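Structural overview
One-letter residues, chain by chain:
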Protein chains: 2
Amino acid sequence: MISLRASDHIPQLSIDCVIFGFSQNQLKVLSPKLIFKGDFWSLPGGFVRQDESIDQAARRILEERTGIKDIYLEQFRVFGETDRSNLSFWDRLTELNGEAFVAEHFNRKELEWITKRFVSIGYYALVDITKVIPVKMEADASVEWYDIQNLPPMIMDHNQIVAAALVSLQQNLDQKLIAFNLLPETFTMNEVQQIYEVVLNKTLLRSNFQKKILDLNVLERLEKKFTGKANKAPYLYRWAQ
Amino acid sequence: MISLRASDHIPQLSIDCVIFGFSQNQLKVLSPKLIFKGDFWSLPGGFVRQDESIDQAARRILEERTGIKDIYLEQFRVFGETDRSNLSFWDRLTELNGEAFVAEHFNRKELEWITKRFVSIGYYALVDITKVIPVKMEADASVEWYDIQNLPPMIMDHNQIVAAALVSLQQNLDQKLIAFNLLPETFTMNEVQQIYEVVLNKTLLRSNFQKKILDLNVLERLEKKFTGKANKAPYLYRWAQ
DNA sequence: TCATTATTGTATAAATTATATACAATAATT
DNA sequence: AATTATTGTATATAATTTATACAATAATGA
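Just so it is clear, the structure is predicted and the values come from calculations on it, not from any experiment.

1. Description of the protein's contact with DNA strand C
Lining the immediate surroundings of DNA strand C are 20 residues, of which Ser207(A), Asn231(A), Tyr235(A), Ser207(B) and Lys232(B) lie closest. Looking at the surface near DNA strand C, the elements that each hand over two or more residues are α6 (189-200) and α7 (206-215) of chain A together with α7 (206-215) of chain B. Ranked by the residues each element gives to the surface near DNA strand C, the list is headed by α7(A), at four residues. When grouped by side-chain class, the residues that make up the surface near DNA strand C number eight nonpolar, eight polar and four charged.

Written as structure tokens, this is what we have:
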């Protein structure tokens, strides 16, 4: 029997998290896939307990999924269309896996609770991908990073939620100086620029970018990074607030 | 008996609307006051019916309060702290008006529904204040415009919600070109500048402001406005999209 | 050892945008 | 017809953004 954790939660209200990571010059999104037949990908999500705030709920969900406690988190939009229920998802799941299978694995009352219309609060998180060890939940076959340009088809409106999160990230990137949350403790200027370029989807002039970031006075310059390459080694930097 | 319209709505989810208007060189916010003893001001709000989207719910609430159908609307934040309930408001109301009075005017089941913890979606609206005829609901003693700098103390966290709405408005004003929603069909450049100044809380140079707005190419210049004053008459403009 | 190469850090020039100042045009009023 | 307050626009100055240039560096290999 798989628990959906329905009791003692606010009904018809959910949280969906777009967890952004950065590696190999690509923006990545974490997405679990269910064990059942049918290739069901989704966003990490959950419900709000009566005794926790919505921000706490988002942090709990993120910690469950990534093992990281202090995560950069931003609430970016609520999704509240009338047809936002996962009823059609459950129908498809039942169709592919059999009614007996579903009846065997899920509590009927919880199924009723979870197939109602849900209003979902969208959060996005920025994580240092090297620190994340993706955690599979009870019903997950896998939890993997996908290029944002190459996401699998997800259930409900989850692909649209990712698109909206990206727009919000683009708007906040410069103003809130949050790019550094996607990087390890120390990093090179080139890595920062790569994030800006992949998030904003445009190339930037290296010389001007470096000047702009340094002029912000938010980074501390450390020792040079050994690259082994036949050229000048770049400095390492650290967020200095 | 006063209806709280609880049934057939999503439980523990509410909508609060910050309705902005502009007059006498001041940014105004619409706030109803309850008929009961105790000076209870609040934001116009309501609940989400099972058969309407959250945006539709916000529009319904706005139309109920202002009589206007096509309103500029922006969802800006969700308020979801654990202690967000109006239990203390009801306690105070009962204290001041008597238990018998409350028992007489409110259905016990509805009271139970409405005093739970609520997660509230904050919307702000921009209206042409001259078009609004504020509508009193069943339990309202008044519905009036208050200077945003001089708001009455409101129930729960409603004053904070207004503050958050203003921050969001400030961020969006230039980017989304929404100031014109606060003005009548036709307006002078000076009126636009007054809105910018009062929203951004800083003075702007008239000459540069006029150039900037005209260079956007979003306004149509109409005839001159008769002012009767002993100086050059300003042009009237209209949003030209 | 010392050109060669790719990349980094920074300086400077050019273009664009923002801010400040100036001034003629206008619609009453005296 | 001179005066006044305000409007519309032009121009000068300052600041910022964008483009280009170049020396410094860390290997590589003749």
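Read on, since the account is not over.
2. With respect to the packing of helix α5 (residues 158-176) of chain B against helix α6 (residues 189-200) of chain B
All names here are of chain B. Closest axis-to-axis distance for the α5/α6 pair is 9 Å, and the angle between their directions is 140°. Here α5 and α6 pass one another in a crossing that is left-handed. Contacts between α5 and α6 involve Leu169, Gln170 and Leu173 from the first element and Tyr196, Val199 and Leu200 from the second. Split into classes, the residues belonging to the contact of α5 with α6 amount to five nonpolar, one polar and no charged.

3. Side note on unusual backbone geometry
Residue and element names in this part refer to chain B. In this structure, Met156 takes a positive phi of about 50° despite not being glycine. Mapped onto the elements, Met156 comes out in the loop between β6 (140-147) and α5. Although it is not a glycine, Leu177 sits at a positive phi angle of roughly 50°. Relative to the helices and strands, Leu177 is located in the loop between α5 and β7 (186-187).

4. Quick look at the UniProt feature "domain: Nudix hydrolase" (unreviewed entry) in chain A
With numbering aligned to this structure, UniProt lists the feature "domain: Nudix hydrolase" (unreviewed entry) at residues 10-168 of chain A. Within residues 10-168 of chain A, the helical portion is 31% and the strand portion 33%, while the C-alpha atoms at the span's ends are 26 Å from each other.

5. A short note on the relation of the copies chain A and chain B
Screw-axis analysis of chain A against chain B gives a translation of 0.0 Å along the axis, an RMSD of 0.0 Å, and a rotation angle of 180°. Seen this way, the second copy is the image of the first under a two-fold rotation axis. The share of interface residues of chain A whose copies in chain B are also at the interface is 100%, consistent with both copies meeting through the same surface.

6. Some details on the environment of Thr186(A)
Residue and element names in this part refer to chain A. Position of Thr186 relative to the elements: it lies in strand β7 (residues 186-187). For Thr186, a count of 15 C-beta atoms within 10 Å translates into the label partly exposed. Considered as a pair, Thr186 and Phe20 are 166 residues apart in the sequence and their alpha carbons are 18 Å apart.

7. Considering the domain arrangement of chain A
Residue and element names in this part refer to chain A. Segmentation of chain A into domains returns domain 1 (9-176) and domain 2 (185-239). Here the C-alpha centroids of domain 1 and domain 2 sit 32 Å apart. Opposite the seven residues of domain 1 that make contact, domain 2 presents six residues. Listing elements by their share of the side of domain 1 that touches domain 2, those giving two or more residues are β2 (26-34) and α5 (158-176). Considering every element that reaches the side of domain 1 that touches domain 2, the biggest residue donor is α5, with three residues. Considering only residue class, the side of domain 1 that touches domain 2 consists of four nonpolar, three polar and no charged.

8. Topic: the sheet that holds strand β9 (residues 235-239) of chain B
Residues and elements named next belong to chain B. Spatial strand order, β7-β9-β8: three strands in an open sheet with antiparallel pairing. Each edge of the open sheet is held by one strand with a lone partner, namely β7 and β8 (219-224). As defined by bridge partners, β8 adjoins β9 across four bridges and the pair is classed as antiparallel. Following the sheet pairing, Leu219 is matched in β9 by Trp239.

9. Focus on the protein's contact with DNA strand D
In the region of DNA strand D, 19 residues are neighbours, and Ser207(A), Lys232(A), Ser207(B), Asn231(B) and Tyr235(B) sit closest. Of all the elements in the fold, those that place two or more residues in the surface near DNA strand D are α7 of chain A together with α6 and α7 of chain B. Here the surface near DNA strand D takes three residues from α7(B), the largest share from any one element. Of the residues assigned to the surface near DNA strand D, the class counts are eight nonpolar, eight polar and three charged.

10. Here's the deal with the interface of chain A and chain B
Taken together, the contact between chain A and chain B spans 17 residues of the former and 18 residues of the latter. At the level of secondary structure, the elements contributing two or more residues to the side of chain A that touches chain B comprise β1 (9-23), β4 (72-79) and β5 (119-126) of chain A. Counting residues per element, the side of chain A that touches chain B draws most heavily on β1(A), at four residues. The class makeup of the residues in the side of chain A that touches chain B is seven nonpolar, six polar and four charged.

11. Some thoughts on the sheet that holds strand β8 (residues 219-224) of chain A
Pairing is antiparallel in the open sheet, where three strands are placed in the order β7-β9-β8 (chain A). Two strands lie at the open edges of the sheet, namely β7 and β8 of chain A, each paired on one side alone.

The rules behind each value
Residues numbered from 1 in each chain as written. Chains lettered and ligands numbered in written order. Predicted model: local features only at pLDDT ≥ 70, side-chain atom pairs only at ≥ 80, totals over all residues. Near = placed C-beta within 6 Å. Helix = DSSP H or I, 4+ residues; strand = E, 2+ residues; numbered from the N terminus. Nonpolar A, V, L, I, M, F, W, Y, C, P; charged D, E, K, R; others polar. Axes fitted to C-alpha atoms, helices over the stretch in contact; angles between N-to-C directions. Left-handed = near helix turned anticlockwise from the far one by under 90°. Contact = placed C-beta atoms within 7 Å. UniProt positions renumbered as here; feature names shortened; annotations may be inferred. Least-squares fit on C-alpha atoms with pLDDT ≥ 70 in both. Buried ≥ 20, exposed ≤ 12 C-beta atoms within 10 Å, placed from the backbone. Domains from an automatic or database assignment. Pairing = 2+ DSSP bridges.

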